[in-house]
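# Summary of structural features
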Amino acid sequence: MSRLPIRGRRVVLSTSNGTRVLRGLRSMPAPLGGCLLDARAVAETAVALAGHHGVGLGVVCAGVDGRFALDAAVTAGFIVERALEAMESRGGSAVLGDGAKAAVRLRRGYPDLVTGLEDSATGRLVHAIGAAEDIAFCARTDVSRPVGILRPGMPMRVDLLDA
C-alpha cells in the first residue's frame with residue numbers, strides 16, 4: 001500500500017472483520033472506526049462523544065474471523081492510551097476494564113508498534129507475501145484527522161467527522 005499513489009486522495013479499506021464488528025455496534029450511540037493512523041483523533045472524538053451522550057467508552061477489536069488478533073489488541077492498547085490522555089486533558093479520569101488493561105499492557109510489552117504488529121500472525125503473513133514495508137506504513141500514528149462514524153439505519157453507512 002505504501003507504494004500506491006494515494007497521497008491527498010480518499011481511500012476506503014473494506015474488511016469483513018470490521019464490518020461484522022460495526023454491525024454488532026449499531027445500537028451504540030456513536031460507533032467510531034479507527035486505527036493507529038488516526039488514533040489520537042479517534043480517541044479525542046470518542047471521549048467528547050461519550051461525554052456528550054453521558055455514556056462510557058469502549059474499544060472493540062475486530063480480530064480475525066471472530067478470534068483474537070494480536071495486532072488488533074496492540075492497536076486497541078494504543079488507542080486506549082490516547083483516550084486516557086484525552087480524558088486527562090479534560091480534567092477527567094477513567095476506570096479501565098480488564099480488556100482495556102490487558103490491551104494497554106500488551107502494547108507496552110513491545111518496544112514499538114512495528115514490533116508488536118510484526119509479531120502477529122497478520123504481520124508474519126504480510127512479510128510472507130513480500131509487503132513488509134506495509135507494516136511500518138500502518139504503524140504510523142496520528143497522521144490522519146478524519147474519523148469514521150457509523151450512522152444509524154440500513155444499509156450501514158459510515159460518514160467522516162473532521163476531528
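What this report covers is the structure whose coordinates are included nearby.

Criteria and cut-off values
- Residues numbered from 1 in each chain as written.
- Predicted model: local features only at pLDDT ≥ 70, side-chain atom pairs only at ≥ 80, totals over all residues.
- Heavy atoms only, no water.
- Salt bridge = Lys/Arg side-chain N within 4 Å of Asp/Glu carboxyl O.
- Helix = DSSP H or I, 4+ residues; strand = E, 2+ residues; numbered from the N terminus.
- Phe/Tyr/Trp six-rings, centres within 6.5 Å; stacked < 30°, edge-to-face > 60°.
- Lys NZ or Arg CZ within 6 Å of the ring centre and 35° of its normal.
- Axes fitted to C-alpha atoms, helices over the stretch in contact; angles between N-to-C directions.
- Parallel < 35°, antiparallel > 145°, perpendicular 65-115°, else oblique.
- Left-handed = near helix turned anticlockwise from the far one by under 90°.
- Contact = heavy atoms within 4.5 Å.
- Nonpolar A, V, L, I, M, F, W, Y, C, P; charged D, E, K, R; others polar.
- Pairing = 2+ DSSP bridges.
- 1 Å grid on protein atoms, 1.4 Å probe; cavity = no way out; pocket = protein on both sides within 12 Å on 5 of 7 lines; lining within 4 Å.
- Points joined across faces, edges and corners; volume = space filled by probe spheres on them.
- Buried < 20%, exposed > 50% of the residue type's maximum accessible area, 1.4 Å probe, protein only.
- Lys, Arg positive; Asp, Glu negative; His and termini not counted.
- Polar contact = N/O pair within 3.5 Å; in protein donor to acceptor, adjacent residues only side chain to side chain.

The tally for this structure, following the rule as stated, stands at 9 salt bridges. A salt bridge links D142 to R40, with the nearest nitrogen and oxygen atoms 3.8 Å apart. Of this pair, D142 sits in the loop between α7 (133-138) and β2 (146-151) while R40 sits in helix α2 (residues 39-53), and the two are 102 residues apart along the sequence. A salt bridge links R107 to E81; the shortest N-O distance between them is 3.2 Å. Of the two residues, R107 sits in helix α4 (residues 98-108) while E81 sits in helix α3 (residues 70-89), which places them 26 residues apart along the sequence.

This part takes up the packing of aromatic side chains. Applying the stated criterion to the full structure yields 0 aromatic pairs. The residue whose ring lies beneath R140 is F137, and the NZ or CZ to ring-centre distance is 4.1 Å.

This next bit is on the packing of α2 against α3. The N-to-C vectors of α2 and α3 enclose an angle of 50°; their axes lie 8 Å apart at closest approach. On the basis of their axis angle, the class for α2 and α3 is oblique. At the point where α2 passes α3, the crossing takes the right-handed sense. Residues A39, R40, A43, E44 and V47 of α2 pack against F78, I79, R82, A83, E85, A86 and M87 of α3. For the contact of α2 with α3, the residue count by class is 8 nonpolar, no polar and 4 charged.

Let us now look at the sheet that holds strand β3 (residues 157-162). In space, the 3 strands of this open sheet follow the order β1-β2-β3, with antiparallel pairing throughout. Each edge of the sheet is formed by a strand with only one pairing partner; in this case those strands are β1 (32-33) and β3. Pairing of β1 with β2 involves 2 bridges; the strand directions are antiparallel. Across the sheet, the residue bridging to G33 is G148, located in β2.

Take the layout of surface pockets next. Approximately 290 Å³ is the volume attributed to the second largest pocket. What lines the second largest pocket is a set of 19 residues, and nearest its centre among them are L57, V59, V80, L96 and A100. Counting only elements with at least two residues in the lining of the second largest pocket, the list comes to α3 and α4. By residue number, the principal contributor to the lining of the second largest pocket is α3, which donates 6 residues. For the lining of the second largest pocket, the per-class residue count stands at 15 nonpolar, 4 polar and no charged.

Structurally, the position occupied by D71 is in helix α3. Although D71 is buried, it makes no salt bridge; R124 carries the closest opposite charge, 9.0 Å away. Once residues within four sequence positions are removed from consideration, D71 is found in contact with L117, S120 and T122.

It is worth spelling out the side chain of S120 at this point. Mapping S120 onto the fold places it in the loop between α5 (113-118) and α6 (121-128). Of note is the side chain of S120, whose polar atom sits 2.7 Å from the backbone oxygen of L117. Among all residues touching S120, those that are not within four sequence positions of it are L70 and D71.

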